Amino acid sequence: MTPEITNYMQYALLQSFFAIGESRPNPAVGAVVVKDGIVVGKGRTQRPGSAHAEVMALRDAGELARGASIFVTLEPCCHYGRTPPCTKAIIEAGIQKVYFAHSDPNPVVHGKSRQILEEAGIEVHEGVEACICACVDESTEAESPTGCRILEFRRMSPEDIALRKGEGHEVFREVERFFEAYDYFVRTKRTFVEIKSAVSQDGFMGCVDAQGSHLPIAITKQGANCWNHELRAMSDAVLVGAGTLLADNPSLNVRYAQGNNPVKIIWAGHHEFTAYEVTHFVAFSSKISKTLVFSCVAQPNLPDAIVLNHETFAENWRKMIDDLSARGMHRLMVEPGAGLAHELFNGVAGAQSQNSQPLWNRLDLWRSTDTSVDEKLDQLIEQGAVKYGLEYPELPAGLVAKESAVIGPDVLTVYYPD
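A brief report on the enclosed structure follows. (Residues numbered from 1 in each chain as written. Predicted model: local features only at pLDDT ≥ 70, side-chain atom pairs only at ≥ 80, totals over all residues. Heavy atoms only, no water.)

Some details on the pattern of salt bridges
- Scanning all chains against the criterion turns up 19 salt bridges.
- Of the charged contacts, one joins Lys88 and Glu92 as a salt bridge, the two residues approaching to 2.7 Å between their closest N and O atoms. Taken together, the residues Lys88 and Glu92, both in helix H3 (residues 86-93) and 4 residues apart, mark about one turn of the helix.
- Of the residues examined, Lys88 reaches a relative accessible area of 33% and is grouped as partly exposed.
- Overall, the relative accessible area of 51% leaves Glu92 in the exposed class.
- Of the charged contacts in the structure, one is a salt bridge between Asp364 and Arg362, with a shortest N-O distance of 2.8 Å. Each of the two residues, Asp364 as well as Arg362, counts as buried.
- Among the charged side chains, a network of salt bridges with common partners joins Arg177, Glu180, Glu194, Arg331, Arg362, Asp364 and Glu403. (Salt bridge = Lys/Arg side-chain N within 4 Å of Asp/Glu carboxyl O. Helix = DSSP H or I, 4+ residues; strand = E, 2+ residues; numbered from the N terminus. Buried < 20%, exposed > 50% of the residue type's maximum accessible area, 1.4 Å probe, protein only.)

Next comes the structure, spelled out in structure tokens:
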């Protein structure tokens, strides 16, 4: 049964989430084929050398693709690589209309596909226009013989048109956000580093007990937590420091969103894991099949750790990004503790170096307006259970706040380096 759909492009975007990690280093793309208001085919990009999203959706649709429309999150490829062009498959399938949300920054593709498709007599819509056209008016809820809901368009009032445009713009923003890391990877051949942090109203991100150990505190509510899991789902990998691993024992998997679990990465820094601590790592690692450890010191108890032997944090961090980039990873999500956040905010490769750029690309900072978080922390301090609150590091100068959102009591601000 096809799930409730209000926008075909958003449904295509959902398919793309399940391609992350599978299609790497190719972009994770989703596609759906629609005929007479019915989704008759869906697909996502497979592993390199296998079919792209459009081909998978066309195969799923079969003969029903003839005269249908296809909605694709990324501009269809138009060149021969490991596979034939998707434009060729679309034309041969008899597709009547093509809607793609995001232009491929790859110069081999960019702007060329539309011309090829239009020369073949196919109607093409792209960008925000395609996302607006993808909106569905659910005026009926009939069932087709295949079990799919029949979604019909009707004559819309001015109010309906305004709502449809608004939803289309929102879907377009979601797609642009999704491909932000891919665009960066195409331009620079580097992995996009996205930091996610949460602080209380008074600026605390955790606490420290009497023994000096860092302990987590629950800051954000479920709405923000769901958003964070969506970020995990669209990331190739998620990274935490050794301190966070030992203090929190996080699962780092995707539970409140749809999509694949990311590769887990431990930044060990100069912490040498003891034989006892490795038991934490083994339990952590077993939750997902793939875990990478990057360390600035030898790890006798973790023989598979990748040892980085440069002098500064920045140099070692960049070497790790070199490694992830070579693996074709587009987006690295970092959930840092206070120490790692401080290093990331302050580390550059050197003022005289051509690489003296920030070590990260985007910061998603959640701040709770719920005063009970800090009140509970004060109570724990008074009871002696906690020594003091752990403050979030000072943000670098010159940051640019470009986005904001409110979900319940939690406020998200998105920063980019100047």
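Structure shown, so let's carry the discussion forward.
Topic: unusual backbone geometry
- Cis geometry is found at the peptide bond from Arg24 to Pro25, where omega equals 10 degrees.
- For Pro25, the position within the fold is in the loop between helix H1 (8-17) and strand E1 (30-35).
- You will see that Asp36, though not glycine, has its phi angle at about 55 degrees, which is positive.
- Summarising the element assignment, Asp36 is placed in the loop between E1 and strand E2 (38-44).
- Judged by its relative accessible area of 67%, Asp36 falls in the exposed class.
- Although it is not a glycine, Asn249 sits at a positive phi angle of roughly 50 degrees.

Description of the nonpolar core
- Tyr8, Met9, Val33, Leu58, Ile95 and Val98 are the most contacted members of the largest nonpolar core, which has 81 residues in total.
- With 6 residues, the top contributor of residues to this core is H1.
- Listed in part, the 35 residues of the second largest apolar core include Leu239, Leu332, Ala338 and Tyr415. (Core = buried A, V, L, I, M, F, W, Y, C linked by side-chain atoms within 4.5 Å.)

As for the packing of aromatic side chains
- With the rule as written, the count across this model stands at 12 aromatic pairs.
- Considering the side-chain rings of Phe179 and Tyr182, the 6.2 Å spacing of their centres and the 65 degrees angle between planes classify their relative orientation as edge-to-face.
- Residue classification places Tyr182 among the buried residues on the basis of a relative accessible area of 7%.
- Taken together, the ring pairs in this structure connect Phe17, Phe178, Phe179 and Tyr182 into an aromatic cluster.
- Across the ring face of Tyr256, the terminal group of Arg255 is positioned such that the distance to the ring centre comes to 5.4 Å.
- One cation-aromatic arrangement involves Lys402 over Tyr416; the distance from NZ or CZ to the ring centre is 4.9 Å. (Phe/Tyr/Trp six-rings, centres within 6.5 Å; stacked < 30°, edge-to-face > 60°. Lys NZ or Arg CZ within 6 Å of the ring centre and 35° of its normal.)

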